[in-house]
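Topology and contacts: notes
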Amino acid sequence: MVVESSRVPAELAAAFVRVAHRIVWCTLVTVDRRGRPRSRVVHPIWTHTPDGLVGRLFTRPTPLKIAHLAASPYVSCSYWDPQHEVAVAECRAEFENGEQARKELWDLFASTPEPLGYDPKILGGEDHRDPKITVLRLTPWRLSTGGEAWRAA
């Protein structure tokens, strides 16, 4: 059953974050201008904000990724583990290039225990100002895990 409402039910959001943060890595799929999927493995961190649940990750703003998100700003994030626990977030994706967004995410990853957290310097830069990386913000319009699902009204 899919619950349709303006906000993710708190229990489902908590269950999704529990699974996502335990599995850590997810497959993120974009769609090219011809409607073909393209997947890559990414490492988001999910937080509860006043606007609802939001995922953020560092990524390289490659011409391909920029073109895909310009053509269709929607992505699918799928988590799976060998015990077949699954969590899926269908999201609107947008780059956040501002210094504050970069610093907040840099500090969040640096201060979060492994394996979810990590030293962001492994991305190749000395700090959050590195132009080779940017923040990708994921705003879910649909979430599912544990047989439960939510969709934005």
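Named according to an unreviewed UniProt entry, the protein is Pyridoxamine 5'-phosphate oxidase N-terminal domain-containing protein originating from Amycolatopsis bullii.

Some points on the environment of E96
With respect to the secondary-structure elements, E96 resides in strand β7 (residues 86–96). When the C-alpha atoms of E96 and P44 are compared, they prove to be 14 Å apart, with 52 residues separating the residues in sequence. Not counting the four nearest positions on each side in its chain, E96 is found in contact with R56, A101, R102, T134, V135 and R137. A polar atom in the side chain of E96 sits 3.4 Å from the side chain of R137.

Focus: the nonpolar core
Formed by 26 residues in total, the largest nonpolar core has its most connected members in F16, L28, W46, V75, Y79, L138 and L143. For this core, the secondary-structure elements that each account for two or more residues are α1 (10–23), β2 (26–31), β5 (52–59), β6 (74–80), β7 and β8 (134–145). Take this core: its biggest share by element is 7 residues, from α1. Ignoring anything within four residues of it in the chain, the contact list for L143 reads V8, L12, F16, L53, V88, A89, E148, A149 and W150.

Structural notes on the packing of aromatic side chains
Tallied over the full model, the rule gives 5 aromatic pairs. A ring pair is formed by F16 and Y79, whose centres lie 6.0 Å apart and whose planes are at 80°; its orientation type is edge-to-face. Separated by 63 residues along the polypeptide, F16 in helix α1 and Y79 in strand β6 bring together distant segments of the chain. The class for F16 is buried, based on a relative accessible area of 0%. When its relative accessible area of 0% is taken as the criterion, Y79 is described as buried. Relative to Y118, the ring of F109 lies with its centre 4.5 Å away and its plane at 35°, an arrangement referred to as tilted.

Side note on helix α3 (residues 99–111)
The end-to-end C-alpha separation of α3 is 18 Å, in line with the 18 Å expected for 13 residues at 1.5 Å each. Three or more residues of α3 are buried, namely A101, R102, L105, W106 and F109. Summarising the axial view, the buried residues of α3 lie within an arc of 130°, below the 170-degree limit, and thus occupy one face. Those residues of α3 that are exposed and angled more than 90 degrees off the buried face are Q100 and S111. Of the surrounding secondary structure, the elements contacted by the buried residues of α3 are β4 (45–49), β5, β7 and β8.

A few points about helix α2 (residues 63–71)
By the burial criterion, the buried members of α2 are K65, H68 and L69. Relative to the axis of α2, the buried residues are bounded by an arc of 90° and lie together on one face. Opposite the packed face of α2, turned more than 90 degrees from it, sit the exposed residues P63 and A70. The elements touched by buried residues of α2 are β2, β3 (37–42), β5, β6, β7 and β8.

Analysis parameters
- Each residue is numbered by its place in its chain's sequence as written, counting from 1.
- Note on the predicted model: pLDDT of at least 70 is required for a residue's local features to be given, and 80 or more for side-chain atom pairs to be given and counted; whole-chain, interface and lining totals, by contrast, use all residues.
- Processing note: side-chain calculations cover all non-hydrogen atoms of the structure and skip hydrogens and water entirely.
- Secondary structure is summarised from DSSP: a helix means a run of H or I of at least four residues, a strand means a run of E of at least two, and numbering begins at the N terminus for each.
- We call two residues in contact when some of their heavy atoms are within 4.5 Å.
- Between N or O atoms, a polar contact is any pair within 3.5 Å; within protein, one atom must be a potential hydrogen donor and the other a potential acceptor, and residues adjacent in sequence are included only when both atoms are from side chains.
- What makes a nonpolar core is a set of buried Ala, Val, Leu, Ile, Met, Phe, Trp, Tyr and Cys residues whose side-chain atoms join them at distances within 4.5 Å.
- Each residue is assigned to one of three classes by its accessible area relative to the maximum for its type, calculated with a 1.4 Å probe on protein chains only: buried under 20%, partly exposed between the two thresholds, exposed over 50%.
- In this scheme Phe, Tyr and Trp rings, the latter by its six-membered ring, pair at centre separations within 6.5 Å, and the angle between planes marks the pair as stacked below 30 degrees, edge-to-face above 60, and tilted otherwise.
- In a helix, the anticipated span is given by 1.5 Å times the number of residues less one.
- This arc is taken over the directions from the axis of the helix to the C-beta atoms.

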